[in-house]
Amino acid sequence: MALLGGTFDPVHYGHLRPAVELLEALCLAEIRLVPGHVPPHRPQPRLDAPARAGLLDTAVAGIPGLVVDRCELDRPGPSYTVDTLEHLRRSLGDQRPLCFIMGWDAFRGLMRWHQWQRLAALAHLVVVTRGGDTQALAPALDEWMRARRVRDPAALRASPSGHVLFQAVSRLEISATGIRRCLALGYSAQGLMPDAVWHELALRGCYGYPQISRAITPGRLNPRHV
Ligand SMILES: Nc1ncnc2c1ncn2[C@@H]1O[C@H](COP(=O)(O)OP(=O)(O)OP(=O)(O)O)[C@@H](O)[C@H]1O
Ligand SMILES: O=C(O)c1ccc[n+]([C@@H]2O[C@H](COP(=O)([O-])O)[C@@H](O)[C@H]2O)c1
């Protein structure tokens, strides 16, 4: 089992495409996208957790192998990854492999995560790299990583936890921050996420985007063009 945690405020192709590439590269049966309820290291998201999870449901519909896991939604307090992994370990048992997927940027800041050194005892860490990720790691994290690094994805299936694998994926210059900025200025985000997600956002008028009436055809969603 593999998890991709995130704020998903909102979900976009920069989340979905790497996940599909990882399914294939690591021969995974399933990746669970886990929307955080209260992200530990950032301000409270603009959309509430049920709304972000609902958009994720729409986003993964029709993508085999991607599913939404709401396990962080009912937990009060910060959505610490160590708690999520412990929760899943309880249902998965000690022997089955569990992978937690994170971006290179997130990995560089791993030593600031809650009880970070316990993470590898609970899961493998799959660090997604994109061309241009060249910044150095802090020496202590570098040493920690080298002691656990594997280069063959098959190693992740051979043990339940404990390894770090770097996996290159396509670089898509899409971020939720960029999308929120775009919408606040009244610009469309069409093409940056599945159309069905975009239509839901536009119909609700999320992130300051002028609310669109259902009567308007999808091709005319940007109010500047109406
Ligand atoms: N364009 C992208 N390509 C590959 N991975 C991405 C991309 N955008 C986000 N991710 C990864 O997806 C996970 C969840 O990301 P998150 O929900 O924070 O989205 P985001 O677009 O980075 O959001 P924000 O701009 O609000 O920080 C993180 O591990 C992050 O590194
Ligand atoms: O556990 C922590 O302390 C911790 C600190 C920062 C981020 N995370 C997790 O990393 C994932 C990506 O976070 P974010 O804020 O970039 O969307 C998400 O699953 C978070 O819960 C976890």
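Residues numbered from 1 in each chain as written. Chains lettered and ligands numbered in written order. Predicted model: local features only at pLDDT ≥ 70, side-chain atom pairs only at ≥ 80, totals over all residues.

Within an unreviewed UniProt entry, the label attached to the protein chain reads Probable nicotinate-nucleotide adenylyltransferase, and the organism entered is Spiribacter curvatus. In UniProt, the protein chain has this text filed under Sequence similarities (unreviewed entry): "Belongs to the NadD family." (UniProt positions renumbered as here; feature names shortened; annotations may be inferred.)

1. Some points on the site of ligand 2
Not every one of the 17 residues close to ligand 2 is listed here, only the nearest: Gly5, Thr7, Thr81, Trp113 and His114. When residues of the shell around ligand 2 are traced back to their parent elements, those giving at least two are strand E1 (2–6) and helix H3 (81–92). (Near = placed C-beta within 6 Å. Helix = DSSP H or I, 4+ residues; strand = E, 2+ residues; numbered from the N terminus.)

2. Description of the pairing of strand E2 (residues 31–35)
E2 sits mainly inside the fold: five of its five residues count as buried. Burial along E2 is two-sided: Ile31, Leu33 and Pro35 and Arg32 and Val34, pointing in opposite directions, are all buried. Pairing of E1 with E2 involves five bridges; the strand directions are parallel. Bridge pairing in E2 links Leu4 to Leu33. A crossover connection joins E1 to the parallel E2 through helix H1 (residues 13–25); in handedness this β-α-β unit is right-handed. Relative to strand E3 (residues 66–68), E2 runs parallel, the two sharing three bridges. (Buried ≥ 20, exposed ≤ 12 C-beta atoms within 10 Å, placed from the backbone. Pairing = 2+ DSSP bridges. Right-handed = clockwise from strand over helix to strand, strands pointing away.)

3. Some thoughts on the nonpolar core
Leu56, Phe100, Ile101, Leu125 and Val126 are the most contacted members of the largest nonpolar core, which has 52 residues in total. Per-element accounting of this core gives the leading share, six residues, to helix H2 (residues 49–60). (Core = buried A, V, L, I, M, F, W, Y, C linked by C-beta atoms within 7 Å.)

4. Some remarks on the environment of Ala196
The residue Ala196 is located in helix H9 (residues 195–204) in this model. With 14 C-beta atoms packed within 10 Å, Ala196 lands in the partly exposed category. Taking C-alpha positions, Ala196 is 37 Å from Ala155, a pair spaced 41 residues apart along the chain.

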